[in-house]
Each structure stands twice: as structure tokens, then as C-alpha cells.
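Examining the three-dimensional arrangement
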Amino acid sequence: MDASENIRLIKKAIRGNPDAYGELIRLHQEYLYKIAFLYTKNEQDALDLVGSAILKGYQNIRTLKNPEWFRTWLTRILINTAKDEQKKIVYYDSLNPEMLSNRYQAVSLEERLDLTAAIMQLSEKYRTAIVLKYFSGLSIREMAFAMDAPEGSVKAYLSRARGELKKILKEDYFYAN
């Protein structure tokens, strides 16, 4: 589906067309599940989270002002739903290659497991920033919207998260040898 068709479908959904919203969810269901799984690390919890987010999205679709931001808007709902349900963000340690960018696919399993453990030690806002940037591929602007934070704060979260990850990973390496 091209961008203009997608926008038309989103506008129909905003006007209250349930079939259009259903089609949008069908188009984005795999993405939503992957993000939910990153948060919950459990298939059933991820499905429950997606279901709740889809319902909240349907109930609030009329509040979406900019159709181009539909996916980011839905991601934000998913994140807020996870927080509302007091789910902890966890890193996807099964390391499905589809979830990783090309530059991380060449990393060994041991290094991935080390990275998983390091990310788990980060605070929630830092973990969220890392997941949205490196595993969802969102831009800083989209991340700011999804996290309900200023762009400057998101940049700071990423910078601090990377710094903490470097420290954690160096310490683990130092003590492992």
C-alpha cells in the first residue's frame, strides 16, 4: 500500500470507519506485536498488551490530528498501556534477526546476551529510548512523541543510555576475564 492510500485509510478511520481502522491494524499488527514483545518478553502478555492498545486506539482515533503520525501515535498508546498495566520493559533476548538492524545481526550470541543483560540494568526511560531507536527505528521526533517527552530529553536519554551501556559492558568484560 502506498503512502497516499495509507493516509486515506487513516482519515477514514479518524472519521469513524471501523473497517478502515481494522485494515490499519491488520497492516500494523506484526509491528505492534514485536514492540509489545520487547516490552513484555512473553507471548500472551504481548498479545494482551496489543489488544488493549488496539482498543484504546479505536476509542481515541478521533483525537489523532495528523494522519502521517498514525503508527507513532499507536506506538505511544502501546507504551502508555504497558506503563498503565505496570509492565516492565524488557529486552527481547531471543534475538530474532528480523528485529535487529543489519549491523547487529553479525554480533555473536554471547555478545547479544551481554547486551541484553546490560539493557535490563538501565532505567525504564533509557530502555525505552534504546528499544524505540535501535529496534523500532523511530526518529528522535517520533520517539519524543511516543515517549511524551521533549526531543532534547530523548536525545539526552539516548546519550546517557549509551554511556551507561558502555560502562556496564566494559565492567562485565573486565570481570569476565
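Description of the structure in this document.

So, about the packing of helix α3 (residues 43–60) against helix α4 (residues 70–84). Two elements in contact, α3 and α4, have axes whose closest approach is 9 Å; the angle formed by their N-to-C orientations is 125 degrees. Between α3 and α4, the angle falls in the class oblique. Relative to α4, the crossing made by α3 is right-handed. Listed contacts from α4 to Leu49, Val50, Ser52, Ala53, Lys56, Gly57 and Asn60 of α3 are Trp73, Leu74, Ile77, Leu78, Thr81, Ala82 and Asp84. Across the contact of α3 with α4, the residue classes tally to eight nonpolar, four polar and two charged.

Another aspect to go through is unusual backbone geometry. One non-glycine residue with positive phi stands out, namely Asp148, at about 55 degrees. Mapped onto the elements, Asp148 comes out in the loop between α8 (140–147) and α9 (151–176). Among the residues examined, Asp148 registers a relative accessible area of 56% and is labelled exposed.

On the secondary structure map, Ala13 appears in helix α1 (residues 3–14). Along the backbone, Ala13 and Arg62 are 49 residues apart, and their C-alpha atoms lie at a distance of 8.0 Å. Setting aside residues up to four positions removed in sequence, Ala13 forms contacts with Ala20, Tyr21, Leu24 and Ile61.

Right, let's get into the packing of helix α2 (residues 18–40) against α4. When two helices pack together, their arrangement is given by the angle between the helix axes and the distance between those axes. For the pair α2 and α4, interaxial distance at closest approach is 10 Å and the crossing angle is 45 degrees. Between α2 and α4, the angle falls in the class oblique. Both α2 and α4 take part in a crossing whose hand is right-handed. In this structure, α2 contributes Tyr21, Leu24, Ile25, His28, Tyr31, Leu32, Ile35, Ala36 and Tyr39 to the contact, and α4 contributes Phe70, Arg71, Leu74, Thr75, Leu78, Ile79 and Ala82.

Conventions and cut-offs
Residues numbered from 1 in each chain as written. Predicted model: local features only at pLDDT ≥ 70, side-chain atom pairs only at ≥ 80, totals over all residues. Heavy atoms only, no water. Axes fitted to C-alpha atoms, helices over the stretch in contact; angles between N-to-C directions. Helix = DSSP H or I, 4+ residues; strand = E, 2+ residues; numbered from the N terminus. Parallel < 35°, antiparallel > 145°, perpendicular 65-115°, else oblique. Left-handed = near helix turned anticlockwise from the far one by under 90°. Contact = heavy atoms within 4.5 Å. Nonpolar A, V, L, I, M, F, W, Y, C, P; charged D, E, K, R; others polar. Buried < 20%, exposed > 50% of the residue type's maximum accessible area, 1.4 Å probe, protein only.

These results come straight from atomic positions and should not be treated as a statement about function.
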